Structures are given as C-alpha cells and as structure tokens.
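# Examining the three-dimensional arrangement
One letter stands for each residue in the lines below.
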Amino acid sequence: TLDGSLYVGGNFRYFNGIETRGIFRIDSAGNVHQLGTAQDGCGPFNCYPVKTISRYKDEIYIGWTPATINGGTVVNGIARWDGTTWKPLQNGFEEGAPNGFVEHDNDLYIAGAFEVVIGADTAYGIVKWNGNDWEGLAFPVYPDDFPLAQDAAWYKGKLYLGGGFQFAVEGG
C-alpha cells in the first residue's frame, strides 16, 4: 500500500471492464485507477504477469518480463511508479526478471532469475538497490546458467534466498 491505496498486479488486461494492463491501484473509496498506460504488448485479454510488487521509498516497484512500459519507456524487467509516471532503474536487467523484493536498512534487495551489468561486473540472482545505484552481492554462477532466486528474506541479520539452486551457499 501507498497513501492508503492498494496496488494489484497480475497477467490481466482488464479489471471490472477497465483496461488496467497488468497493474492498477484501488484507492480507499474502492475506485480503480490506471497507472499510466502500464504494460506494452498486451494480448486481447491478458498481459505479461507482474511477478512482484513492493513499496520502497514512497514509490511502487514492479518486477516482470517485458522490456518496455507506458508506451515505450525502456525498463527491462523492473520499473518504479512515482505516483505520476513509470521510471526505469538505470538500464534494468540484461536478461530475466525479478521474483521478489525485500527492504532492509533502507536498501531494496531484489531476488530473481536475472543478470544486471554493474560497471565492469555482472551480478546474478540477487542485487541491492539503494534508490540510485545497483550493488552486486557476489552470488555464484552456474556454468551456462544463472541462479533462480524466488524470494529473499532477512532473519537475524542474514539474508536468505529461496529458489532453485544446485548447491547451498553461505557467507558474506
């Protein structure tokens, strides 16, 4: 929720006859509001699924697969809504999409099956976003594949990931 509104995402194109294109807001009076033109490239009845939604620093963040939103704004799998317009997080993901968000110590941790280029390095499966910049978390990479992190949670000062991994990882 943000400002007393509930944000809803999925693979739908319409909600109660209103074209919402995969995501919408319900205000405290129960009225449905579009968020810009939302997803690009929807089919006649549905859109790519919004996989995860989170509030972070008074903006709404979504994770999904398409490269563009709101009539051509390039976001590459992850976008944020500031209450007026959709914005990218730098260049988004090179490949893949997020599956879960968790906020901790004023940073947003993003888990998924993706890769993000950060300077000369590439991060996979889990990254930290401080509102302006990415930080990789040195997650191991499998040959010819990257990890599938389904979600993340903080517990007793440690970050835990759930997902499809070939081996357990501990540290850092």
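Residues numbered from 1 in each chain as written. Predicted model: local features only at pLDDT ≥ 70, side-chain atom pairs only at ≥ 80, totals over all residues. Heavy atoms only, no water.

Moving on, we get to the pairing of strand β10 (residues 78-81). Across the two faces of β10 the burial is the same, with I78 and R80 and A79 and W81 all buried. For strand β7 (residues 59-63) and β10, the ladder comprises four bridges, and the chain directions are antiparallel. Paired with G63 across the bridge in β10 is I78. Of the strand pairs in this sheet, β10 and strand β11 (residues 86-88) are connected by three bridges, and their pairing is antiparallel. Looking at the pairing, W81 lines up with W86 of β11. In this structure, the hairpin formed by β10 and β11 is closed by a connection of four residues, where G83 is found at a positive phi of approximately 100°. (Buried < 20%, exposed > 50% of the residue type's maximum accessible area, 1.4 Å probe, protein only. Helix = DSSP H or I, 4+ residues; strand = E, 2+ residues; numbered from the N terminus. Pairing = 2+ DSSP bridges.)

The next subject is the state of the cysteines. Scanning all chains against the criterion turns up one disulfide. At a sulfur-sulfur separation of 1.9 Å, the disulfide partner of C42 is C47. Disulfide C42-C47: the torsion about the S-S bond is 105°, which places it as right-handed. Overall, the relative accessible area of 15% leaves C42 in the buried class. (Disulfide = S-S within 2.5 Å.)

With that settled, consider the sheet that holds strand β15 (residues 134-136). As summarised here, the arrangement of the four strands in space is β12-β13-β14-β15, forming an open sheet in which the pairing is antiparallel. The open sheet terminates on both sides in strands that have one partner only, identified here as β12 (95-104) and β15. Neighbour to neighbour, the strand axes of the sheet diverge by 35° on average, direction disregarded. Pairing geometry for strand β13 (residues 107-118) and strand β14 (residues 121-129), over eight bridges, is antiparallel. Within β14, the position partnered with E115 by the bridge is Y124. (Axes fitted to C-alpha atoms, helices over the stretch in contact; angles between N-to-C directions.)

With that settled, consider the environment of G96. For G96, the position within the fold is in strand β12. Expressed as a C-alpha distance, the spacing of G96 and Q39, which sit 57 residues apart in the sequence, is 17 Å. Not counting residues within four places of it along the chain, the set of residues in contact with G96 comprises A113 and F114. (Contact = heavy atoms within 4.5 Å.)

Here we come to the sheet that holds strand β4 (residues 23-26). Read across the open sheet, the three strands follow the order β1-β4-β5; overall the sheet is antiparallel. Every interior strand has two partners, whereas the edge strands, β1 (6-9) and β5 (32-34), have only one. Taken over all neighbouring pairs, the strand axes of this sheet differ in orientation by 30° on average, direction set aside. Where β4 and β5 come together, three bridges link them in antiparallel fashion. The residue of β5 that forms the bridge with R25 is H33.

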